Amino acid sequence: MDKVYLSTREQSSTITLPKTVPPLHTVPEHRAMMKHAEHDTEESDAVRGADRQWECNVAWQDDGGDRESICESFRLLQIDTGCDSPKDLPVGSEKWYSRNVLRKQRHWEKIVTAKKKKRKQEKERRKAKHAEDKGAAHQHSKRILKEIAKERLLAAKEAAPWLCVDLSLTSHMTKKEISRLAAQIRRLYGSNKKAGKPFWICLTGFVAGSPISEECFRMNDGFSNYLMDTTPESYLDLFPSETIIYLTPDSENVWPHVRSVSFLALQDIDPHRVYVLGGLVDESIQKKLTLQKAQEHSLQTARLPIAEYMVRNTNVKNYHSETLAINQVFDALSTYYETQSWPEALKAGVPPGKGYVLQETAI
């Protein structure tokens, strides 16, 4: 008996043929089958013909038998060898790889190489930055930096000026505006914590269970640990009225409560004064609300010198406003307290969206 070994995807198949089997094309019963097989062979494309030729070559080389008779037997018996083409060999085969597989493999190798290169560059950049920071100043741990900021804030309570946020105006605000005010308080506290010369912050009219109280605790993580004072009392009950300066954009007095612009550069923020900001987010633009409250109690008022150091800038909406959020006003005050420069202070506090720019940068 002759054995024919066929190559398949998973394992070899063995077909045993008797040596005395006559050529099938001489048997009358198989003539119709032969014609049918020849017809199918003629209609097959060139790729299938090449694949069958490859199958016959493999079988003939392995067995050493009659090549033509074996191939003819395969065609008549319609034996499927399991491999459609040499391209369908297992992936681990070193002999055959399709062009598509090789192309995808090369593309993936490029991606992996690029990622490794990027990670290496990022690591080197972080090392360089760390070395630069370490050379510029002594690098402290986060715990030490937190302690330093805490000591600086506590020292401001005794020697720095006080900044009060008047929260008694929340009755004029919607729930959405109160939520925005709570977010502004968070930003104000964050700026003061990072400042080299911080103020001492005090929230007056902060009643437990009020809408602003609930929003501050809901929106600001760790609000109960903020290093500042919160009291339900009014600033009028806490400080002498002659030490209070109410900051309002509607004031006729230029900050700090003098009319001469040239005298502003010589003025410093008085640590013995108490500066009050109206805690008001007013989307409906209620004019002179904070000014009227200050006048009711005969308080001194002041405004930032925006009109004196800045000019209107042309914009698409033709929008210009000197009304700032409380955290923006604080950014201007804090910068002036450190730099003694109103241009620098206004640049830090007045955003471009307000429609104002410094005079030297005006277009």
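Provided above is the structure to which this section pertains.
Notes on the structure in this doc start here. (Residues numbered from 1 in each chain as written. Predicted model: local features only at pLDDT ≥ 70, side-chain atom pairs only at ≥ 80, totals over all residues. Heavy atoms only, no water.)

With respect to the secondary-structure elements, K287 resides in the loop between β7 (274-278) and α9 (289-296). Classification of K287 as exposed rests on a relative accessible area of 65%. Remark: the alpha-carbon pair of K287 and P249, spanning 38 residues in sequence, is separated by 9.8 Å. The residues contacting K287, other than those within four sequence positions of it, are D250 and Q292. (Helix = DSSP H or I, 4+ residues; strand = E, 2+ residues; numbered from the N terminus. Buried < 20%, exposed > 50% of the residue type's maximum accessible area, 1.4 Å probe, protein only. Contact = heavy atoms within 4.5 Å.)

Moving on to a positive patch on the surface. A cluster of basic residues, R103, K104, R106 and K110, forms a positive patch on the protein surface. With respect to the helices, strands and loops of the structure, K104 is situated in helix α4 (residues 99-136). On the accessibility criterion, K104 (51% relative accessible area) is exposed. (Patch = residues over 30% accessible without salt bridge, like charges linked within 9 Å, V, L, I, M, F, W, Y side chains within 5 Å. Areas by Shrake-Rupley, 256 points an atom, 1.4 Å probe, with all protein chains shown as cover. Salt bridge = Lys/Arg side-chain N within 4 Å of Asp/Glu carboxyl O. Lys, Arg positive; Asp, Glu negative; His and termini not counted. Charge placed at Lys NZ, Arg CZ, Asp CG, Glu CD.)

With that out of the way, let us pick up the pairing of strand β3 (residues 162-166). Taking burial as the measure, the five residues of β3 include five buried ones, the bulk of the element. Along β3, one buried face is formed by W162, C164 and D166 and the opposite face, lined by L163 and V165, is buried too. Two elements, β3 and strand β4 (residues 200-204), share five bridges in a ladder whose sense is parallel. Residue pairing across strands places D166 opposite T204, the latter belonging to β4. In the classification by handedness, the crossover that spans β3, the intervening helix α6 (residues 175-194) and the parallel β4 is right-handed. Across five bridges, the pairing between β3 and β7 is parallel. By the bridge assignment, D166 is partnered in β7 with G278. (Pairing = 2+ DSSP bridges. Right-handed = clockwise from strand over helix to strand, strands pointing away.)

Bringing the sheet that holds β7 into the picture now. As summarised here, the arrangement of the six strands in space is β5-β4-β3-β7-β6-β8, forming an open sheet in which the pairing is parallel. Each edge of the open sheet carries a strand with a single partner, namely β5 (229-231) and β8 (300-302). For this sheet, the mean inter-axis angle between neighbouring strands, taken without regard to orientation, is 25°. Bridge count for strand β6 (residues 244-247) against β7 is four bridges, and the pairing is parallel. The partner of L247 across the bridge, within β7, is L277. (Axes fitted to C-alpha atoms, helices over the stretch in contact; angles between N-to-C directions.)

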